[in-house]
Amino acid sequence: MQGKCLCGNIEFSCDVSTTPLKIYQCHCSLCKKQSGSSANSATIIEATHFQWTKRHNIKIWKKPTGFSAHFCGECGCPVPNDFAGKYVWISVGLLEMADRSVTVEVVANFCLRSKSDWHSIDSEAANFEGLPPFKEVLALLS
């Protein structure tokens, strides 16, 4: 699978072995502001399955709590970032799914206590009022 930012300064490829592609949606206030939407739709993959093909002008904004936002310094689009040492966080909107046979499944919703009232939740997904333990997130995405 390929992905890139709006202006094309950032490009990457990733080998996602799950079918369908499993993603989560986080509804916390930080993710809503970062994505500009009611939730941040993303996945986490092992770093060994990720490769940058073009990487120009990535900016990082970090809160004292450790939360960080990585984005293209040209177009402002969120971009993948290293997560927990050996994983990469990928915003699903960056992925170019030219092959329409690729299906996506929301396997979890996080921080539902912060959910926007107008956002509908998939009842088939694992739903959490807060953030689940990282190991549980990885198990859901694999």
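Quantities reported herein were computed from a predicted structural model and do not represent experimental measurements. (Residues numbered from 1 in each chain as written. Predicted model: local features only at pLDDT ≥ 70, side-chain atom pairs only at ≥ 80, totals over all residues. Heavy atoms only, no water.)

## Here we look at the pattern of salt bridges
For the structure on display, the rule yields 1 salt bridge. Here K4 ties to E96 by a salt bridge, and the two come within 3.9 Å at their closest N and O atoms. One end of the pair, K4, is in strand β1 (residues 2-4); the other, E96, is in strand β10 (residues 95-96), and 92 residues separate them in sequence. For K4, a relative accessible area of 36% corresponds to the partly exposed category. What makes E96 partly exposed here is its relative accessible area of 39%. (Salt bridge = Lys/Arg side-chain N within 4 Å of Asp/Glu carboxyl O. Helix = DSSP H or I, 4+ residues; strand = E, 2+ residues; numbered from the N terminus. Buried < 20%, exposed > 50% of the residue type's maximum accessible area, 1.4 Å probe, protein only.)

## Observations concerning the pairing of strand β4 (residues 40-46)
Along β4, 5 of the 7 residues are buried, which leaves the element largely enclosed by surrounding structure. The sheet contact formed by strand β3 (residues 21-26) and β4 spans 3 bridges and is antiparallel. Across the sheet, C26 pairs through a bridge with N40, a residue of β4. Where β4 meets strand β9 (residues 87-91), 5 bridges bridge the pair, whose relative direction is antiparallel. Pairing of T43 across the sheet is with I90, part of β9. (Pairing = 2+ DSSP bridges.)

## Looking at the packing of aromatic side chains
Inspection of every chain in the model, using the stated rule, returns 7 aromatic pairs. Ring geometry for Y24 and F110: centres 4.7 Å apart, planes at 25 degrees, overall stacked. Of this pair, Y24 sits in strand β3 while F110 sits in strand β11 (residues 104-110), placing them 86 residues apart in sequence. In terms of burial, Y24 and F110 fall into one category: buried. Judged by centre distance (5.4 Å) and plane angle (75 degrees), the rings of Y87 and F134 are edge-to-face. In this pair, Y87 sits in strand β9 while F134 sits in helix α2 (residues 134-141), placing the two residues 47 residues apart along the sequence. (Phe/Tyr/Trp six-rings, centres within 6.5 Å; stacked < 30°, edge-to-face > 60°.)

## Examining the layout of surface pockets
The volume enclosed by the largest pocket comes to roughly 520 Å³. If you go around the largest pocket, you meet 21 residues; those closest to its centre are Y24, C31, F67, F83 and L131. Looking at the lining of the largest pocket, the elements that each hand over two or more residues are β3, α1 (29-35), β4, β8 (81-83) and α2. (1 Å grid on protein atoms, 1.4 Å probe; cavity = no way out; pocket = protein on both sides within 12 Å on 5 of 7 lines; lining within 4 Å. Points joined across faces, edges and corners; volume = space filled by probe spheres on them.)

## Some words on the side chain of N40
When you line up the elements, N40 lands in strand β4. Given a relative accessible area of 4%, N40 falls into the buried group. Of note is the side chain of N40, whose polar atom sits 3.2 Å from the side chain of Q34. Apart from the residues within four sequence positions on either side, N40 is in contact with Y24, Q25, C26, C31, Q34, S35, W89 and S91. (Polar contact = N/O pair within 3.5 Å; in protein donor to acceptor, adjacent residues only side chain to side chain. Contact = heavy atoms within 4.5 Å.)

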